[in-house]
2 protein chains.
Amino acid sequence: MSPDGTMRAEAASDDGMGRLSRTGFEPALLRLIGPWLGSARMPVVACGMVGSRQGWVEAPYATVPCRPLPGALVAAPVTDPRIDVRVVPGVRQLDPADVMRGEETQIAGFLATTPGFDGVICLPGTHSKWVQVSAGEIVSFRSFMTGELFELLSTASVLRHTVGEGWDAEAFVQAVSDAMSRPEAIAARLFSIRAEALLKGLDPSVARARLSGALIGLELAGARPYWLGQDVALVGAPRLSAIYAAALGAQGVPTRAADGAAMTRAGLAAARLATMETTR
Amino acid sequence: MSPDGTMRAEAASDDGMGRLSRTGFEPALLRLIGPWLGSARMPVVACGMVGSRQGWVEAPYATVPCRPLPGALVAAPVTDPRIDVRVVPGVRQLDPADVMRGEETQIAGFLATTPGFDGVICLPGTHSKWVQVSAGEIVSFRSFMTGELFELLSTASVLRHTVGEGWDAEAFVQAVSDAMSRPEAIAARLFSIRAEALLKGLDPSVARARLSGALIGLELAGARPYWLGQDVALVGAPRLSAIYAAALGAQGVPTRAADGAAMTRAGLAAARLATMETTR
């Protein structure tokens, strides 16, 4: 990135905490950014599971209420003199117990690009987060295993035979509504997707929308204290945010959306700026 | 089995619909029962997924309301003259869509060994069933993906790092109660098991009981119309039935338990008897 946070180049890989040992992070990073390095030491700012106990270096959690980037970044051990790697700490909540790593950076990016924002941010994904933000601080948050449940159920459960590609927007909104009105029936509702496929030839694209709607509706029922009577900012992958916007819109909740990747970059730039100010 | 249904020998394998092609069932059976065969043709009665569309032979569903063994068994194609294989049909419900294969045989076995039973049978397992029985008929039923969710979450999700061996009975009952009072929070409650492990060193045996309690409590919340004010008969594996008995007992619901394997044998014996009477 340029000093002002503009992206100059991008690289990605599937390497991460799940695949790498502690000493594997530096080589994995150098494989990606080696071509960008010169003789001067390159500052690198990292966020997410790279800062977990099983990551490159543990960056201890800050505790809510706190700003999304409350403290010093944590230096990761490196052997290559061309890089200086700093890791953004995650954020935790003690009661109910909850944690985030990476989303705090997206929240910081959203707040940097939306000055004066007060309200609720939803970050849909593997472990969706609902976050109450006030006066620049994360006040409270709650994570839902929605994305991971969808992944497991659609690829590894009996529903894998039933859920196909494609999408049915009407079936999705109906499933959201059904799940919100009877969230306790979720485990039966999931099986009924399989049964309808067997007995009534349920279309695989309808099944996909039904599964997604059942799980997102369940999440909305559980997150109701967060969104009821609020404007909600969705920060995530655009396709997923659009699905959440449809679900929330059907409940009369207005949303705005910001691209998760762009918010991560804006947050990393803000973290870098704060570090420079601290060390200056 | 003897003609009166007494078990004379037992054999088991992991071969089943998930692993076998249509032509693989007969060799798989012969590997198990070959030593029992003589020169006379041996009657074999089978139930479960062996009768599904991907099984040995499709045994079309009976539709509720119906007796658990309402009609003729379906002959499976065999090449070995020493066996005569008949498959028990499954049972379906059109609205809400639901299916069972194998449980109808356990229900038949339970009714054969508990004459005059009227009430609710719960068959806990991968896809737990709650079944309303009246005057010897299955009136209605509902399947819950509880066991499959437990398996996926404890072995393939982020919770696999957190859920260990062992059991904490108190944590289980508390988790059942929490899930029943706020079933809509399930996806957040699941993530909080992970967060408590990270932040508070949650014991792996407590985590296991909490995960189980959250999912069984969710099922009980969804199945409330079945068990409220009823005596419940639990038909399943004794360890699992004991866990359900604890959960239901904490809600003031009396239960009795019958061993699932014994009920399967009793049901198969009843099916065999009915076949003999039909063909006599």
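Scroll up to find the structure this text is about.
Residues numbered from 1 in each chain as written. Chains lettered and ligands numbered in written order. Predicted model: local features only at pLDDT ≥ 70, side-chain atom pairs only at ≥ 80, totals over all residues. Heavy atoms only, no water.

A. Looking closely at the environment of Gln54 of chain A. Residue and element names in this part refer to chain A. With respect to the helices and strands, the residue Gln54 is situated in the loop between β1 (42-46) and β2 (62-63). For the pair Gln54 and Val139, spaced 85 residues apart in sequence, the C-alpha to C-alpha distance is 27 Å. Non-local contacts of Gln54, meaning those with residues more than four positions away in its chain, are made with Met17, Arg22 and Phe25. (Helix = DSSP H or I, 4+ residues; strand = E, 2+ residues; numbered from the N terminus. Contact = heavy atoms within 4.5 Å.)

B. Looking closely at the pattern of salt bridges. All names here are of chain A. Applying the stated criterion to the full structure yields 16 salt bridges over all chains. Taking the shortest distance from any N to any O, the salt bridge between Asp84 and Arg86 comes out at 3.1 Å. On the basis of relative accessibility, which here comes to 25%, the residue Arg86 falls in the partly exposed class. (Salt bridge = Lys/Arg side-chain N within 4 Å of Asp/Glu carboxyl O. Buried < 20%, exposed > 50% of the residue type's maximum accessible area, 1.4 Å probe, protein only.)

C. The relation of the copies chain B and chain A, seen in detail. When chain B is brought onto chain A, the operation consists of a screw motion whose angular component is 180° and whose axial shift is 0.0 Å, with 0.0 Å RMSD remaining. In short, the pair behaves as if placed about a two-fold rotation axis. A shared interface surface links the copies, since 100% of the contact residues of chain B are contact residues in chain A too. (Least-squares fit on C-alpha atoms with pLDDT ≥ 70 in both.)

D. A look at the sheet that holds strand β9 (residues 137-144) of chain B. Residues and elements named next belong to chain B. The mixed open sheet is built from five strands, whose spatial order is β9-β8-β7-β10-β11. The open sheet terminates on both sides in strands that have one partner only, identified here as β9 and β11 (255-259). Each adjacent strand pair in this sheet contributes to an overall mean axis angle of 20°, direction not counted. Where strand β8 (residues 128-134) meets β9, seven bridges bridge the pair, whose relative direction is antiparallel. Bridge pairing links Val133 to Ile138 in β9. (Pairing = 2+ DSSP bridges. Axes fitted to C-alpha atoms, helices over the stretch in contact; angles between N-to-C directions.)

E. Representation of the interface of chain B and chain A in the model. Every contact between the two is made by 41 residues of chain B and, on the other side, 41 residues of chain A. Of the roughly 3500 Å² buried between chain B and chain A, counting both surfaces, carbon and sulfur atoms make up 73%. For chain B, the biggest contributors to the area lost against chain A are Met145, Phe191 and Leu199 of chain B; these three give 19% of the whole. Along the contact surface separating chain B from chain A lie zero salt bridges. Where the side of chain B that touches chain A is concerned, the elements lending two or more residues are β5 (91-94), β6 (97-100), β9, α3 (146-156), α5 (186-200) and α6 (204-222) of chain B. Broken down by element, the residue count for the side of chain B that touches chain A peaks at eleven residues, all from α5 of chain B. (Buried area = accessible area lost by both parts, 1.4 Å probe.)

F. Just the side chain of Glu26 of chain A, in detail. Residue and element names in this part refer to chain A. Note that Glu26 resides in helix α1 (residues 25-33). Buried charge Glu26 goes without a salt bridge, the closest partner of opposite sign being Arg82 at 7.6 Å. When neighbours within four sequence positions are excluded, Glu26 is seen to be in contact with Trp56, Pro77, Val78, Thr79, Asp80 and Ile83. (Lys, Arg positive; Asp, Glu negative; His and termini not counted.)

G. Representation of empty space enclosed by the protein. Scanning all chains against the criterion turns up one cavity of 30 Å³ or more. As for the largest cavity, its lining consists of 13 residues, and the residues nearest its centre are Leu149, Ile186 and Leu218 of chain A together with Leu149 and Leu218 of chain B. Broken down by secondary-structure element, the contributors of at least two residues to the lining of the largest cavity are α3 (146-156), α5 (186-200) and α6 (204-222) of chain A together with α3, α5 and α6 of chain B. Among the elements that take part in the lining of the largest cavity, α5 of chain A stands out by supplying three residues, more than any other. (1 Å grid on protein atoms, 1.4 Å probe; cavity = no way out; pocket = protein on both sides within 12 Å on 5 of 7 lines; lining within 4 Å. Points joined across faces, edges and corners; volume = space filled by probe spheres on them.)

H. Looking closely at the packing of aromatic side chains. Scanning the model with the defined rule gives six aromatic pairs over all chains in all. Here the basic side chain of Arg101 of chain A rests over the ring of Tyr61 of chain A, its NZ or CZ set 4.3 Å away from the ring centre. (Phe/Tyr/Trp six-rings, centres within 6.5 Å; stacked < 30°, edge-to-face > 60°. Lys NZ or Arg CZ within 6 Å of the ring centre and 35° of its normal.)

I. Geometry of the sheet that holds strand β3 (residues 74-75) of chain A. All names here are of chain A. One open sheet holds the three strands; their spatial order is β1-β4-β3, and the pairing between them is mixed. Strands at the two margins of the open sheet, each flanked by one partner only, are β1 and β3. Bridge analysis of β3 against strand β4 (residues 83-87) gives two bridges, and the strand direction is antiparallel. What sits directly across from Val74, in β4, is Val87. α1 contacts β1 and β4 of the sheet and is inclined by roughly 115° relative to β4.

J. Broad picture of the packing of helix α4 (residues 169-181) of chain B against helix α8 (residues 238-250) of chain B. Residue and element names in this part refer to chain B. α8 packs onto α4 with a crossing angle of 55° between their chain directions and a minimal axis gap of 10 Å. By the angle between their axes, α4 is oblique relative to α8. Viewed along their axes, α4 and α8 form a crossing whose handedness is right-handed. Of α8, the residues touching α4 (which contributes Phe172, Val173 and Val176) are Ile243, Ala246, Ala247 and Ala250. The residue makeup of the contact of α4 with α8, split by class, is seven nonpolar, no polar and no charged. (Parallel < 35°, antiparallel > 145°, perpendicular 65-115°, else oblique. Left-handed = near helix turned anticlockwise from the far one by under 90°. Nonpolar A, V, L, I, M, F, W, Y, C, P; charged D, E, K, R; others polar.)

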